[in-house]
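Next come the chains, spelled out residue by residue.
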Amino acid sequence: MGIILKEMLGDTGILGTWLFTSGIVFLRYAIIAGVAYFIFYYLLKDKLPHKRIQEKYPKMTKVWAEVKHSSHSAIIFGFLGMIIFLMKEQGWTALYTDFSEYGLLYAAFSFIFILFFHDAYFYWMHYGMHKIKPLMKFHAIHHKSHNPTPWAAMAFHPIEALLEYAFIPFLVLLVPFHPLVLMMFAIFSFVFNVIGHLGFEVFPKGFVTNPLTAWINTATHHNMHHKNGNGNFGLYFNIWDRIMETNHDGYIEKFNEIATRSKPELDIKGKVVVG
Ligand SMILES: [Zn+2]
Ligand SMILES: [Zn+2]
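Residues numbered from 1 in each chain as written. Chains lettered and ligands numbered in written order. Predicted model: local features only at pLDDT ≥ 70, side-chain atom pairs only at ≥ 80, totals over all residues.

### Quick word on the overall build of the chain
Within the chain one finds 11 helices and 0 strands. Secondary structure elements in the chain, listed N-terminal to C-terminal, are α-α-α-α-α-α-α-α-α-α-α. At 20 Å, the chain has a C-alpha radius of gyration in line with the 19 Å of a compact globule built from 275 residues. The C-alpha extent of the chain, read off along each of the three principal axes, is 65 × 40 × 40 Å. Expressed as a percentage of its 275 residues, the buried residues of the chain come to 36%. Looking at the chain alone, contacts between residues at least 24 apart form 72% of all its contacts between residues at least 6 apart. (Helix = DSSP H or I, 4+ residues; strand = E, 2+ residues; numbered from the N terminus. Rg over C-alpha atoms; globule rule 2.2 N^0.38 Å. Buried ≥ 20, exposed ≤ 12 C-beta atoms within 10 Å, placed from the backbone. Contact = placed C-beta atoms within 7 Å.)

### Here's the deal with the environment of Asn217
Within the fold, Asn217 resides in the loop between α8 (179-196) and α9 (219-228). What makes Asn217 buried here is the crowd of 24 C-beta atoms within 10 Å. Setting aside residues up to four positions removed in sequence, Asn217 forms contacts with His222, Gly234, Leu235, Tyr236, Phe237 and Asn238.

### Focus on helix α4 (residues 104-131)
The end-to-end C-alpha distance of α4, which contains 28 residues, comes to 41 Å, matching closely the 40 Å that a straight helix rising 1.5 Å per residue would cover. Inspection of α4 places Ile114, His118, Phe122, Tyr123, His126 and Met129 among the buried residues, and these make up the whole buried set. Along its buried surface, α4 packs onto α5 (133-139), α8 and α10 (240-243). (Expected span 1.5 Å × (residues − 1).)

### Topic: the nonpolar core
Judged by nonpolar contacts, the single largest core of 46 residues is most densely connected at Ala33, Phe77 and Ala153. Listing elements by their share of this core, those giving two or more residues are α2 (13-43), α3 (60-89), α6 (158-165), α7 (167-174), α8, α9 and α11 (251-259). Considering every element that reaches this core, the biggest residue donor is α2, with 9 residues. If we skip the residues at most four places from it in the chain, Ala153 touches Tyr29, Ala33, Ser70, Phe190, Asn193, Val194 and His197. (Core = buried A, V, L, I, M, F, W, Y, C linked by C-beta atoms within 7 Å.)

### Structural notes on the packing of α3 against α7
Contact pair α3 / α7: the axes reach a minimum separation of 9 Å and the direction vectors enclose 20°. Taken together, α3 and α7 sit at an angle that is classed as roughly parallel. Where α3 crosses over α7, the handedness of that crossing is right-handed. For the pair α3 and α7, contact is made by Leu80, Ile83, Ile84 and Met87 and by Ile168, Pro169 and Val172, respectively. (Axes fitted to C-alpha atoms, helices over the stretch in contact; angles between N-to-C directions. Parallel < 35°, antiparallel > 145°, perpendicular 65-115°, else oblique. Left-handed = near helix turned anticlockwise from the far one by under 90°.)

### Details of the environment of Asn147
Topologically, Asn147 is positioned in the loop between α5 and α6. Setting aside residues up to four positions removed in sequence, Asn147 forms contacts with Gln54, Lys56, Pro58, Gly199, His226 and Lys227.

### Description of α11
What α11 keeps buried is the set Tyr251, Lys254, Phe255, Ile258 and Ala259. Within α11, the buried residues cover an arc of 125° as seen down the axis, which keeps them to one side. Facing away from the buried side of α11 by more than 90 degrees, the exposed set consists of Glu253 and Glu257. Each element contacted by the buried residues of α11 is listed here: α9. (Arc of directions from axis to C-beta.)

### Here's the deal with unusual backbone geometry
Non-glycine residue Asn232 carries a positive phi angle of around 55°. Phi at Glu245 is positive, roughly 55°, even though this residue is not glycine. With respect to the helices and strands, the residue Glu245 is situated in the loop between α10 and α11. Note on Glu245: 7 C-beta atoms within 10 Å, which makes it exposed.

What follows is the structure, given as structure tokens:
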């Protein structure tokens, strides 16, 4: 995303490119996480208590810590964006700017490909950070949120932030991607991440048992990872957790319990009727 806008702005030097891409990443974070937080934690808070994964709300000091660590990650993600931009300028990447070069079908394929590639990369990186003690020291920053909000979506130690997307500068050397496909991937990835840290379950009853949707992860899935630690390591898809048998034992039951809770009764002012 930053790369496209940077091209529109012209030459601002290495530091300028880094600052600019970091700013774009932070803006994406502030807008998407901010909208989700506003809707679920203010606007619909009284209407959706039955969708809350953990009944309690985190303290504001925890929420501010999520924002602080996420802003550090924006600088690291901006750094990776700058590296890709510089590599493209040197002609080292397989990035292409004309859709007609490979066709729209290829563009769609490349989007699906990077999703599955990232899903596998994330699972093993995340699994490794939990299993290898020195790495868990870095990942512990993300696990400070036992009851995450959307603001936790980028709350990483700088080393983990670097690892999170370090595969992209390598991937763009080998696989042709249109910058718009990478931008769509960045937005999709972030929106999914915000859903994972939402604290409310948004998927409908039957989602985790219907064969058509059971392979997609839910807000409950990642929330349980924050609450309980080990298990539920996956990102977009419930594929690697199944292959490796690392889904939490009570995952399906927990999701079904939330999805089948009845709506609270509301009075004419929209407030929950107690008792
Ligand atoms: Zn973890
Ligand atoms: Zn998380």
